[in-house]
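Here are the chains, one letter per residue:
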Amino acid sequence: MDREPSEELSVVPPRAECLHWGLIGASDIAAKRMIPALRAAGQDVRRVYSRNGEWGRQFATQHSIPEVVGTLSEAVAEGVDAVYVSSTNDQHARDVLAAAGAGRHVLCEKPLAIALEEGVSMVAACKAAGVVLATNHHLRNAALVRRVRQMVCGGEVGEVLAARVTHAILLPERLRSWRVRGASGGSGVVFDIAVHDIDTVRFVLGQEVVEVAATTAMQGLGTGGAEDAAVTCLTMASGVLVMMYQAFTVPFGGTALQVDGASASVIARDILSLEAEGEVELRDTHGWHRLARGGAGDVYGLSVRAFVESVYGRGVPTANGEDGVASLAVAIAIRESAEAGKRVRVKYGL
């Protein structure tokens, strides 16, 4: 499932050819991130579907979307070329399979699904229909994440021995609904944040996770079995060990990514946050060297433009369906390991 980093990401046009889009899910991320990104890339946001009809109508009015529909079949009907799926996690498989059946290209939020067999069937259905399926793992587009990937691939740290990821935030009040309620339906910090960090680790190190050992907790926000903190050790295919910590409950934790090699370590702070200014430093026999500093960049816009280019056969998505299945498989293994209290091998199913 690995592939070389998408060099197309640095050369996709500032505006892409126009597709007509339908939104499946009148969500917070659609409002705050994806609608602005789609329109900035020259895309036509034509239709929105929500299971809550009144909310869908309000959402359409607020965001100047001309069509509001009340059924999934209407959401994928003629009039749209592609759909952006940001329904609740447990609905992703249903929505993507409907879109594939109607011949619509699909950009789906993470996690791609909540069960491995669902993710595998989504990839297969989109391939059979000849449509593009992409997973919205936007952190691959962050400028400093790509800088770290280039350093690792370029041998600047030597043989990689270990890595660490911290992604500890205080979940905003407006998002404290299904994400922290109940263990079913894709709630919890593992499916919300860890799945992104898993994909980032795969992207930066260029290899798959083969085994996990994890523990999770409910530290004040999670209810009904929805974990709000997780600590995991990933074993990569080469034997590299990766420690991850994710939390919904930490006001001042921030984010960080560190890769330790035989000849140097690269330490990147706040590069997994879209709001903070991050920095990348290298530590070797000559001391500390600040290499880069800056914001994440237009991460959602890059995802949109790479997706459109892939629809026209001129590139690949930032993260495809197989990438979504891979990060999902590891997230599922984390849940299984925490529940069983032992190491678990990752089952990819592809």
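Quantities reported herein were computed from a predicted structural model and do not represent experimental measurements.

K.L.:
Even after reading the chapter, I still don't get empty space enclosed by the protein, so can you show me in this structure?
P.N.:
To find leftover empty space, a probe the size of one water molecule is rolled over the atoms. Under the counting rule described, the total for this entry stands at three cavities of 30 Å³ or more. Approximately 50 Å³ is the volume attributed to the second largest cavity. As for the second largest cavity, its lining consists of Leu-107, Ala-134, Thr-135, Asn-136, His-137, His-138, Ser-303, Ala-306, Phe-307, Pro-317, Thr-318 and Ala-319. In terms of residue count, helix α8 (residues 299-311) provides more of the lining of the second largest cavity than any other element does, three residues in total.

K.L.:
Can you walk me through the nonpolar core in this structure?
P.N.:
Within soluble globular proteins, side chains that are nonpolar generally end up buried alongside one another. Within the largest apolar cluster, 109 residues are counted, with the highest numbers of intra-cluster contacts made by Val-148, Leu-205 and Val-259. With 11 residues, helix α7 (residues 189-205) is the largest single contributor of residues to this core. Sequence-distant contacts of Leu-205, defined by excluding residues within four places in its chain, comprise Val-152, Val-160, Met-236, Val-240, Val-242 and Val-259.

K.L.:
Please explain the sheet that holds strand β9 (residues 229-236) as it appears in this structure.
P.N.:
The strands that make up a sheet pair up through hydrogen bonds in the backbone, lying either parallel or antiparallel. One open sheet holds the nine strands; their spatial order is β14-β13-β12-β11-β7-β10-β9-β8-β15, and the pairing between them is mixed. Either end of the sheet is taken by a strand with one partner, and the two such strands are β14 (287-294) and β15 (344-345). Of the pairings in the sheet, the one linking strand β8 (residues 209-217) to β9 comprises eight bridges and is antiparallel in character. Opposite Val-212, over in β9, you have Leu-234 as the bridge partner. On top of the sheet, α7 reaches β7 (160-170), β8, β9, β10 (241-247) and β11 (249-261); it is set at about 150° to β10, its chief contact.

K.L.:
How should the packing of helix α6 (residues 143-153) against α7 be read in this particular structure?
P.N.:
Think of two packed helices as two axes; the pair is described by the angle between the axes and how far apart they sit. Close contact between α6 and α7 brings their axes to 8 Å; oriented N to C, the two are set at 40°. Relative to α7, the element α6 is oriented oblique. Here Val-145, Arg-146, Val-148, Arg-149 and Val-152 of α6 lie close against α7, whose contacting residues are Thr-200, Phe-203, Val-204 and Leu-205. When grouped by side-chain class, the residues that make up the contact of α6 with α7 number six nonpolar, one polar and two charged.

K.L.:
Looking at this model, I keep getting lost on helix α2 (residues 53-62). Mind explaining?
P.N.:
Since the α-helix advances by 3.6 residues per turn, residues separated by three or four positions end up pointing in the same direction. When α2 is considered as a whole, its buried residues turn out to be Gly-56, Phe-59 and Ala-60. One side of α2 holds all its buried residues, which, seen down the axis, span an arc of 100°. Across from the buried face of α2, at angles greater than 90 degrees, the exposed residues are Thr-61 and Gln-62. As for α2, its buried residues are in contact with β1 (20-24), α1 (28-40), β2 (44-49) and β3 (67-69).

K.L.:
What am I meant to see in the sheet that holds strand β4 (residues 82-85) here?
P.N.:
Pairing is parallel in the open sheet, where six strands are placed in the order β3-β2-β1-β4-β5-β6. Of all strands in the sheet, those bounded by a partner on one side alone are β3 and β6 (133-135). Within this sheet the neighbouring strands show an average axis-to-axis angle of 20°, counted without direction. Across the sheet, α8 lies against β1, β4, β5 (105-108) and β6, angled at about 155° from β5, the strand it touches most.

K.L.:
Sorry if this is basic, but what is going on with the pattern of salt bridges here?
P.N.:
Pairing between side chains becomes possible if they bear opposite charge and their charged atoms approach one another. Following the criterion strictly, the structure yields 28 salt bridges and no others. Notably, a salt bridge pairs Glu-17 with Arg-314, separated by 2.8 Å at the nearest N-O pair. Taken as a pair, Glu-17 in the segment before β1 and Arg-314 in the loop between α8 and α9 (321-340) lie far apart in primary sequence, 297 residues in all. Put simply, Lys-127 and Glu-322 hold a salt bridge, and the shortest N to O gap is 2.6 Å. Here the residue Lys-127 occupies a position in helix α5 (residues 116-129), and Glu-322 occupies one in helix α9, the gap between them amounting to 195 residues.

K.L.:
I keep staring at the environment of Thr-135 and nothing clicks. Help me out?
P.N.:
Structurally, Thr-135 can be placed in strand β6. By relative accessible area, Thr-135 is classed as buried at 2%. For the pair Thr-135 and Phe-307, spaced 172 residues apart in sequence, the C-alpha to C-alpha distance is 9.8 Å. Residues in contact with Thr-135, not counting those within four places in the same chain, are Leu-107, Cys-108, Lys-110, Leu-112, Ala-319, Asn-320, Gly-321 and Gly-324. A distance of 3.0 Å separates the side chain of Thr-135 from the backbone oxygen of Asn-320, its partner in a polar contact.

Reading the values: rules and limits
Counting restarts for each chain, with residues numbered from 1 along the sequence as it is written. Residues qualify for local features only when their pLDDT is at least 70, as the model is predicted, and side-chain atom pairs are given and counted only at 80 or more; totals for whole chains, interfaces and linings, by contrast, use all residues. Calculation of side-chain values draws on the structure's entire complement of heavy atoms; hydrogens and water are dropped beforehand. A cavity, in this analysis, means grid points on a 1 Å lattice covering only the protein atoms where a 1.4 Å probe fits yet has no way out; a pocket is instead an open set bounded by protein on both sides within 12 Å along at least five of seven lines, and a residue lines either one if it has an atom within 4 Å of a point. Grid points are joined across faces, edges and corners, and a volume is the space filled by probe spheres set on the points. Secondary structure counts use DSSP, requiring at least four H or I residues in a row for a helix and at least two E residues in a row for a strand, with both numbered from the N terminus. To define a nonpolar core, start from buried Ala, Val, Leu, Ile, Met, Phe, Trp, Tyr and Cys residues and group those joined through side-chain atoms within 4.5 Å. Residue burial is assigned from relative accessible area. The probe radius is 1.4 Å, only protein chains are included, and a residue is buried under 20% of its type maximum, exposed over 50%, and partly exposed in between. Between two residues, a contact is recorded if the distance between any of their heavy atoms is within 4.5 Å. When DSSP finds two or more bridges between two strands, those strands count as paired. Axis angles are defined between N-to-C directions and span 0 to 180 degrees, where every axis is a line fitted to C-alpha atoms and, for a helix, only to the segment in contact. Throughout, the term roughly parallel applies to angles under 35 degrees, roughly antiparallel to angles over 145, roughly perpendicular to angles from 65 to 115, and oblique to all others. Amino acids outside the nonpolar list (Ala, Val, Leu, Ile, Met, Phe, Trp, Tyr, Cys, Pro) and the charged list (Asp, Glu, Lys, Arg) are all regarded as polar, and Gly is one of them. By construction, the arc corresponds to the directions joining the helix axis to the C-beta atoms. Definition used for salt bridges: Asp or Glu carboxyl oxygen within 4 Å of a side-chain nitrogen of Lys or Arg. Throughout this description, a polar contact denotes any pair of N or O atoms lying within 3.5 Å of each other; where both atoms belong to protein, one of them has to be capable of donating a hydrogen while the other can accept it, and for residues adjacent in sequence the pair is counted only when both atoms sit in side chains.

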